[in-house]
Amino acid sequence: MKVLVATDKPFAKVAVDGIRKEIEAAGYELALLEKYGEKAKLLEAVVDADAIIIRSDIIDAEVLDAAKQLKIVVRAGAGYDNVDLEAATAHNVCVMNTPGQNSNAVAELAFGLMVMAVRNMYNGTSGSELKGKKLGIHAYGNVGRNVARIAKGFGMDIYAYDAFCPKEVIEADGVKAVASAEELYSTCDVVSLHIPATAETKNSINHALVGRMPKGGLLVNTARKEVINEAELIQLMEERADLKYMTDIMPAAHETFMAKFAGRYFSTPKKMGAQTAEANINAGIAAAKQIVGFLKDGCEKFRVNKK
Ligand code: NAD
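Before going into details, it helps to say that this report is about the structure given with it. Everything quoted here is computed from the prediction, not taken from an experiment.

Conventions used here
Position numbers for residues start from 1 in each chain and track the written sequence from start to end. Given that this is a predicted model, residues contribute local features only at a pLDDT of at least 70 and side-chain atom pairs are listed and counted only at 80 or more, while totals for whole chains, interfaces and linings are drawn from all residues. Side-chain numbers here rest on the full set of heavy atoms in the structure, without hydrogens or water. Numbering goes from the N terminus for both helices and strands, where a helix is a DSSP run of H or I of at least four residues and a strand is a run of E of at least two. Radius of gyration: over C-alpha atoms. The globule rule applied is 2.2 Å multiplied by the number of residues raised to the 0.38 power. Only protein chains enter the accessibility calculation, which uses a 1.4 Å probe; a residue is then buried when its area is under 20% of its type maximum, exposed when over 50%, and partly exposed in between. Contact criterion: two residues are considered in contact whenever any of their non-hydrogen atoms come within 4.5 Å of each other. Accessible areas in this description were obtained via Shrake-Rupley with a 1.4 Å probe; residue shielding takes into account the shown protein chains only. Only four residue types enter the charge count, namely Lys and Arg as positive and Asp and Glu as negative; His and the chain termini do not. For this purpose, a charge sits on NZ of Lys, CZ of Arg, CG of Asp or CD of Glu. Site definitions follow a grid-based scheme: protein atoms alone, a 1 Å grid, a 1.4 Å probe that fits but cannot get out for cavities, and for pockets an open set with protein on both sides within 12 Å along at least five of seven lines, plus lining residues having an atom within 4 Å of a point. Grid points are joined across faces, edges and corners, and a volume is the space filled by probe spheres set on the points. Side-chain classes follow a simple rule in which Ala, Val, Leu, Ile, Met, Phe, Trp, Tyr, Cys and Pro form the nonpolar group, Asp, Glu, Lys and Arg form the charged group, and the remainder, Gly included, forms the polar group. The axes are straight lines fitted to the C-alpha atoms, using for helices just the contacting stretch, and the angles between their N-to-C directions are given from 0 to 180°. Each angle gets one of four labels, with under 35 degrees taken as roughly parallel, over 145 as roughly antiparallel, 65 to 115 as roughly perpendicular, and the rest as oblique. Two helices cross in a left-handed way if the nearer one is turned anticlockwise from the farther one by less than a right angle. They cross in a right-handed way if the turn is clockwise. Two aromatic rings, drawn from Phe, Tyr or Trp (for Trp, its six-membered ring), form a pair once their centres lie within 6.5 Å of each other, and the interplanar angle then sorts them: stacked below 30 degrees, edge-to-face above 60, tilted otherwise. What makes a residue near a molecule or strand is one non-hydrogen atom of that residue sitting within 4 Å of it. Here a polar contact is taken to be a pair of N or O atoms separated by no more than 3.5 Å, where protein atoms must pair a possible hydrogen donor with a possible acceptor and residues adjacent in sequence count only if both atoms sit in side chains. Throughout, disulfides are identified as pairs of cysteine sulfur atoms within 2.5 Å of each other. When DSSP finds two or more bridges between a pair of strands, those strands are recorded as paired.

Structural notes on the overall build of the chain
Within the chain one finds 12 helices and 12 strands. Relative to the globule expectation of 19 Å for 307 residues, the C-alpha radius of gyration of the chain, 21 Å, shows essentially globular dimensions. Its C-alpha atoms give the chain principal-axis dimensions of roughly 60 × 40 × 35 Å. Burial statistics for the chain: of 307 residues in total, 50% are counted as buried. Look at the contacts in the chain between residues 6 or more apart in sequence, and 63% of them connect residues 24 or more apart. As displayed, the chain has an accessible area near 14000 Å², and 52% of this comes from carbon and sulfur atoms. A gap of 4 Å separates the mean positions of the 38 positive and 39 negative side-chain charges of the chain.

This is the structure in structure tokens:
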């Protein structure tokens, strides 16, 4: 069996070493395709692969057509919108992600952004503290839970809303579960976004919702850019000079945000939430273990496409 690591943006060497160890211990062969640039090289490399580990690499119908032996694709990371799930199902290929492996990294970055905002972007003026502030966690998944854990250390008053996670699960962590996104935004001084980009959530963070935040409200986005209705957020921030927006996912309208909202808007230059050595290693090794579990025992935990 051949396991291909196809990463245009390569894993750290230590992660590749860990992946190799898992794959070879199972008696499989590891092939590496890094920084391939052109799709043609990917199409060539997948021809005899039984399994593929990817990062943000695109796996579409053309790639699946070329990969005649392919049984499983694992996206080392949480988001998997770079894989055509329907085409994978049609090709009888199992698609998995590695949820939770980079959650602490993303959660820590959310706090980096929060501290930066309340300390006025480190501009030398007196800021404020997170302690005692109401934090709203919008979606209580893997990242949201890590945010809650860290927020306790900061002494924040923690609220969460999740459309699917039971109230009891949220409250078992000592976090106040609210009944709607509207209530979360109306209640909290800081809202940290952790929803996935779905048909329902796209553009859902809009004027009406963020406009509910109390004076001095801070919105932190380490989730996805698509969930923000950028035009409405710009309009709202024009109307309300007290609001701040900090993001790890650069908006399409970044230049406009920069020009209009200096001092209360910041974006990382590129998505950095999961960019830590630890997250990189964890996700890569988890992907390798999931492939071995699938090929040896048929384990489909973490499958994200239909059969
Ligand atoms: P997760 O799947 O563990 O959790 C997502 C949560 O969202 C689930 O609890 C789900 O019930 C909830 N949810 C889904 N739809 C909802 C809705 N309409 N309203 C409220 N809650 C809803 O995902 P995660 O690992 O916690 O990741 C969260 C987000 O962070 C995702 O958007 C992911 O793409 C993003 N992410 C970003 C980075 C980065 O580098 N910045 C890295 C990893 C993940």
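Still more ground to cover, so stick around.
Re the layout of surface pockets
Empty space among the atoms becomes visible once a probe the size of a water molecule is rolled across them. By volume, the second largest pocket amounts to about 200 Å³. If you go around the second largest pocket, you meet 14 residues; those closest to its centre are V118, S128, K133, G216 and K244. Classifying every residue of the lining of the second largest pocket gives five nonpolar, three polar and six charged.

Points about the packing of helix 1 (residues 13–25) against helix 12 (residues 277–297)
Each pair of packed helices gets described by two things: the angle between the helix axes and the distance between those axes. The contact between helix 1 and helix 12 brings their axes to 8 Å, and the two run at 15°. Between helix 1 and helix 12, the crossing angle belongs to the class labelled roughly parallel. Classified by chirality, the crossing of helix 12 by helix 1 is right-handed. On helix 12, the residues that touch V14, A15, G18, I19, E22 and I23 of helix 1 are N280, I281, G284, I285, A288, K289 and V292.

Describing the environment of A148
Structurally, the position occupied by A148 is in helix 6 (residues 142–154). For the pair A148 and K176, spaced 28 residues apart in sequence, the C-alpha separation works out to 11 Å. The residues touching A148, leaving out its near neighbours within four places in the chain, are I137, Y140, I158 and V175.

Considering the packing of aromatic side chains
In total, this model carries five aromatic pairs according to the counting rule given. Judged by centre distance (5.0 Å) and plane angle (10°), the ring pair of F111 and F154 falls under stacked. Linking F111 in helix 5 (residues 103–118) with F154 in helix 6, this pair joins segments that are 43 residues apart in sequence. By relative accessible area, which is 4% here, F111 ends up buried. Both rings, one in F257 and one in Y265, keep their centres 4.9 Å apart while their planes meet at 25°; by these two values the pair is stacked. For F257, a relative accessible area of 0% puts it in the buried group. Joined through ring pairs, the aromatic side chains of Y245, F257, F261 and Y265 make up one cluster.

Looking at the site of the ligand
As a matter of local geometry, the ligand sits amid 24 residues, with N142, V143, D162, I195 and D248 nearest to it. The backbone of V143 places a nitrogen or oxygen atom 2.8 Å from an oxygen atom of the ligand. One nitrogen or oxygen atom from the main chain of G273 is found 3.5 Å from an oxygen atom belonging to the ligand. When the residues that make up the shell around the ligand are grouped by side-chain class, the tally is 12 nonpolar, seven polar and five charged.

Brief notes about the state of the cysteines
By the definition in use, this model includes zero disulfides. Looking at C299, it has no disulfide partner, and the nearest cysteine sulfur is the one in C94, 9.2 Å off. Judged by relative accessible area, which is 38%, C299 ranks as partly exposed.

A look at the sheet that holds strand 2 (residues 29–34)
Across the sheet, five strands lie side by side as 2-1-3-4-5; this open sheet has parallel pairing. The sheet is open, and its two edges are formed by strand 2 and strand 5 (94–97), each paired on a single side. The sheet shows a mean angle of 20° between the axes of neighbouring strands, taken without regard to direction. Two elements, strand 1 (residues 2–7) and strand 2, share six bridges in a ladder whose sense is parallel. Bridge pairing in strand 2 places T7 opposite E34. Sheet strands touched by helix 1: strand 1, strand 2 and strand 3 (51–54). Its angle to strand 2, the strand with the most contacts, is close to 155°.

Let's talk about the packing of helix 5 against helix 6
Contact pair helix 5 / helix 6: the axes reach a minimum separation of 8 Å and the direction vectors enclose 50°. Comparing the axis directions of helix 5 and helix 6 gives the class oblique. The chirality of how helix 5 crosses helix 6 is right-handed. Across the interface between the two elements, S103, N104, V106, A107, E108, F111 and V115 from helix 5 touch N142, V143, N146, V147, R149, I150, A151 and F154 from helix 6. Taken together, the residues of the contact of helix 5 with helix 6 break down into nine nonpolar, four polar and two charged.

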